[in-house]
Amino acid sequence: MRRFLNLPAVDLIFALVSFSAAFTVLILILSTILVLYNESSLAIHRFGLLNFIFTVDWDPVKEVFGAAASLYGTLITTVLALSIAIPVSIGIAIFLTEISPHLLRTPIGIAIEMLAAIPSIIYGMWGLFTLAPIMADYIEPALQKVFGDIPLIGKLFEGTPMGVDLLTASIILSIMITPFIASISRDAFNLTPDLVKESAYALGATKWEVIRDVVIPYSKLGVYGGIVLALGRALGETMAVAFVLGNKHQITISLLDAAATITVTLANEFTEADTDIYLSSLFYLALILFVLSFTVLAVAKFFLLRAEKHYQR
Amino acid sequence: MKKLTVSFLAVGFFTAGIADETINGAGATFPYPVYAAWAYMYYKETGIKVNYQSIGSGGGIRQIKNRTVDFGASDAPLEPQKLDEYKLYQFPAIIGGVVPVVNIPGVKAGQLKLDGETICHIYLGEIKYWDNEKVKALNPELDLPHKEIRVVHRADASGTTAIFTNYLVQVCPEWKEKVGAGKAVKWPVGIGGKGNEGVANYVKRLKYSIGYVEFAYAKQNRLKYTLLKNQAGKFVAPSIETFKAAGATAEFDPEKHFYLWMVNAPGENAWPIAGASFILEARERKEVNKKVNRFFKWAFEKGDEVAVKLDYVPLPKELKEKVYNYWKKHDIYPE
C-alpha cells in the first residue's frame, strides 16, 4: 500500500484507473455467475443438479426439463470439430512456415485470418443453404455406402441423410475454429530460431525430420494455446450451429441425426419461453455451460502452465 | 473536442424533448412487419413515434410484466388468470394463418386435401407413407407414391408452432394426450428448421416432405400448400378471405380478455389453422394505454390495406367493434 501512496499523483491516478479496469473483469464474471444462479434457482430447486444433468427429456408442454441431450450435443460437436480442425490447421501452419514459397505466405495467411473475421451467422446461413444440401445429397450417402455395413462404425452413419445433423454442425464448427489454431500455430512455428533449424539441416535431417523433431517440439506450447482458444470458441458457438443442428433433444449415436447443444437450445427457445420454470431451466442450462467452459478452460490452462514449467527447466 | 461534446449534449436534449412523443412496444416477431409499417405511416401522419422491438412473445410478456414498455405483444393469448395476476389488459390486433405445405413431385399447390386427423397422425409418425389409406381416401383423384413422409417442424419456439399444435389438440385427442400444445413441444418425429425460412427451405429441398409455415412465407416462396377440411366439413384453401371468415366466426369474448385460440373456427369458409396476435397493456396506466390505443385505433381504421399487402389479415369489423367496446368498458378508449 505504501508503495502506491509514495507515487506521484499522475502515476497514482493511472494505477487506480488500470486497477479498476482489471477489477471490472472479476466483478463481471462474478456477477454473471450470480445472475445465472439467481435466475435458475427455481429450476435448481425443482430438478436438482444430478437429476437435471442426467434427464434427457426436454418437454416445455409438460414442464419436464433436463440437460443431458444438450450437454451430449455440445460435447460431441466440440470433440468432432476439434478432431477435424486440429490436423488441418497444423498442416496449414506447417505449410505456411516451412514449405510454401514466400510469395504465397502473405495471401494465404491473410485469407486464414479473414476466415476468423466472418460473423458466425454467415456461417450458419451458408451451412443451411449450401453445405446442408451438399451433405444430404452427396457426402452423407457416400459415407453410408462406405461405412454403413461395418459393424459398430456403421451405427455412426445410420438414418436418412437430411443434412441437418451433428456431422454438418461439426464441420461448420471446425471451419470456424481452424483460423484460431492455424494462425496461432503459425506464429508459434515462426518463433523457432533459424539457428536451431539450420543446425538440424546441417546434420543431414530431412525437412520432415526438422518439422517433427525441431519445430513442433519447440513450439508445442503455442499450438496448445491455440487449441484451448478454439475449444472455448467451439463450446460457446451459437448461430453457426443453430441453423444446421435441428434442436432435437435426444441422445443419438448416429452422426447423421439431429441434436441440440446448450447454446442452440438457448438461441432457439429463449425469446419465446413464457413460463417461469421454462425460463429458469434455460438459465440453468446457461449456468451449466458457464461452469463447463470455465472448468474445461481452467484444466487446459493448468496443463499449459505445467507444460510451460516443464519446458523451462 | 468541446464542440463535439456540445453537439452530443444537444442531441441528448433533443431526443429527450421528443421522448414523450414515443410509444415503446416489444414482443412477438410474427406481426413485426405490419406493426413496423403501421408505425411508419402513423409517424408520418401524426409525428408520434412507435418504437416496436420484435424480441419474441416471451420477452414481450416479461417486459410489460415489469412495466418497462408501454405495450407488449404476444402471439399466444394469455389466460385470464395470468392477466389478473400480472394486471394486464389484452386485445387482438392482427390475424395470421398457418399453412401446411408439401413437396410431392407431381402434386401441385392446392391439390392435396388433408384433414386435421390425418395431419395429426402424420406428425405423430403413425402415417408413414404418402399412399396411406387415410390420405388416399381424402384424395381419390391423386396418384400418391409409396414414399416415406418426411416431417418438418420448427426447431425454435414460436407462435406459429403454438397455433399449429393448438389446432392438433382441438381436432385430435391422441395429440392432446401424447404431445400437447405450446410454442415448443416434444416432437415425436421429424426434423426441425429454424424459423419459417428454415422450414420453408427444408420443404422446398426435401422431396416427399410436409411442413407448416406462416401464410406469407408459403405465398412468397411459392410453396405447395394443401387444402384443409374445416369444422363445417368443407375443404378450403388458405387465403385472406378464408382467414377473415375464421376471424369473423371465432367467438372472442371480451369478458375473458379475448382469450381464444382461433383454431378450428366454425364458419362455412373458415380456414381452420389461424391465430390472432395480441397486445398487452398495464392496467394501472390509463393515460399511456390511451396513447397506445390511439395508435391501434388509427391502424384499425387506416391500416387494413397495408396489412393485406403484407399478407396479414386485418381484424373483421365485428371484432374491431368488440375491441372498441372493451376499451370503453375499461376506460382506456382514446377520445
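For clarity, every value in this text was computed on a predicted model and none was experimentally measured.

A.B. asks: What am I meant to see in the pattern of salt bridges here?
C.D. replies: It is possible for side chains bearing opposite charge to pair when their charged atoms get close. Going through the model one piece at a time under the given rule, you end up with 23 salt bridges over all chains. Between E237(A) and R233(A) there is a salt bridge whose closest N-O contact spans 3.6 Å. Residue E237(A) is classed as buried on the basis of its relative accessible area of 7%. Of the residues examined, R233(A) reaches a relative accessible area of 25% and is grouped as partly exposed. Here D276(A) makes a salt bridge to K65(B), at a shortest N to O gap of 4.0 Å. Within this pair, whereas D276(A) is found in helix α12 (residues 276-312), its partner K65(B) is found in helix α3 (residues 57-65), the two belonging to separate chains. On the basis of relative accessible area, K65(B) is assigned to the partly exposed category, the value being 32%.

A.B. asks: When you look at the packing of helix α7 (residues 166-190) of chain A against helix α9 (residues 207-236) of chain A in this model, what are you seeing that I'm missing?
C.D. replies: Angle between the axes and distance between the axes: these two values describe a pair of packed helices. Residues and elements named next belong to chain A. The interhelical angle for the contact between α7 and α9, taken along N-to-C directions, is 150 degrees, at an axis separation of 8 Å. Comparing the axis directions of α7 and α9 gives the class roughly antiparallel. Handedness of the crossing formed by α7 with α9: right-handed. Only V215, I216, S219, G222, V223, G226, I227, L229, A230, R233 and A234 of α9 make contact with α7, whose side of the interface consists of L173, M176, I177, F180, I181, I184, S185, A188 and F189. Each residue belonging to the contact of α7 with α9 can be placed in one class, and the counts come to 15 nonpolar, 4 polar and 1 charged.

A.B. asks: Is there a simple way to think about the nonpolar core in this case?
C.D. replies: The nonpolar side chains of soluble globular proteins are, as a tendency, buried together. Of all hydrophobic cores here, the largest spans 146 residues; its most connected members are Y35(B), W38(B), W130(B), W175(B), F296(B) and W327(B). No fewer than three residues from each of domain 1 (2-96 + 251-260 + 275-329) and domain 2 (98-247) of chain B sit in this core.

A.B. asks: Got a minute to help me understand the sheet that holds strand β10 (residues 227-229) of chain B in this structure?
C.D. replies: Hydrogen bonding along the main chain pairs the strands of a sheet, whether they run parallel or antiparallel. All names here are of chain B. Within the open sheet, the 3 strands sit side by side as β5-β10-β11. Their pairing is mixed. A single partner strand is all that each edge strand has here, and the edge strands are β5 (113-114) and β11 (235-236). With 2 bridges connecting them, β10 and β11 associate as antiparallel partners. Looking across to β11, one finds that L228 is bridged to V236.

A.B. asks: Help me out: how do you make sense of the pairing of strand β12 (residues 274-282) of chain B in this one?
C.D. replies: Consecutive residues of a regular strand have side chains that alternate between opposite faces of the sheet. Residue and element names in this part refer to chain B. Across the 9 residues of β12, 9 count as buried, placing the element largely inside the fold. Judged by which residues are buried, β12 turns out to be covered on both faces: A274, A276, F278, L280 and A282 on one side and G275, S277, I279 and E281 on the other are all buried. Here strand β3 (residues 71-74) runs beside β12; their pairing, made up of 3 bridges, is antiparallel. Of the residues in β12, the one forming a bridge with A73 is I279. As defined by bridge partners, strand β4 (residues 88-103) adjoins β12 across 9 bridges and the pair is classed as antiparallel. Looking across to β12, one finds that F91 is bridged to I279.

Calculation criteria
Residues numbered from 1 in each chain as written. Chains lettered and ligands numbered in written order. Predicted model: local features only at pLDDT ≥ 70, side-chain atom pairs only at ≥ 80, totals over all residues. Heavy atoms only, no water. Salt bridge = Lys/Arg side-chain N within 4 Å of Asp/Glu carboxyl O. Buried < 20%, exposed > 50% of the residue type's maximum accessible area, 1.4 Å probe, protein only. Helix = DSSP H or I, 4+ residues; strand = E, 2+ residues; numbered from the N terminus. Axes fitted to C-alpha atoms, helices over the stretch in contact; angles between N-to-C directions. Parallel < 35°, antiparallel > 145°, perpendicular 65-115°, else oblique. Left-handed = near helix turned anticlockwise from the far one by under 90°. Contact = heavy atoms within 4.5 Å. Nonpolar A, V, L, I, M, F, W, Y, C, P; charged D, E, K, R; others polar. Core = buried A, V, L, I, M, F, W, Y, C linked by side-chain atoms within 4.5 Å. Domains from an automatic or database assignment. Pairing = 2+ DSSP bridges.

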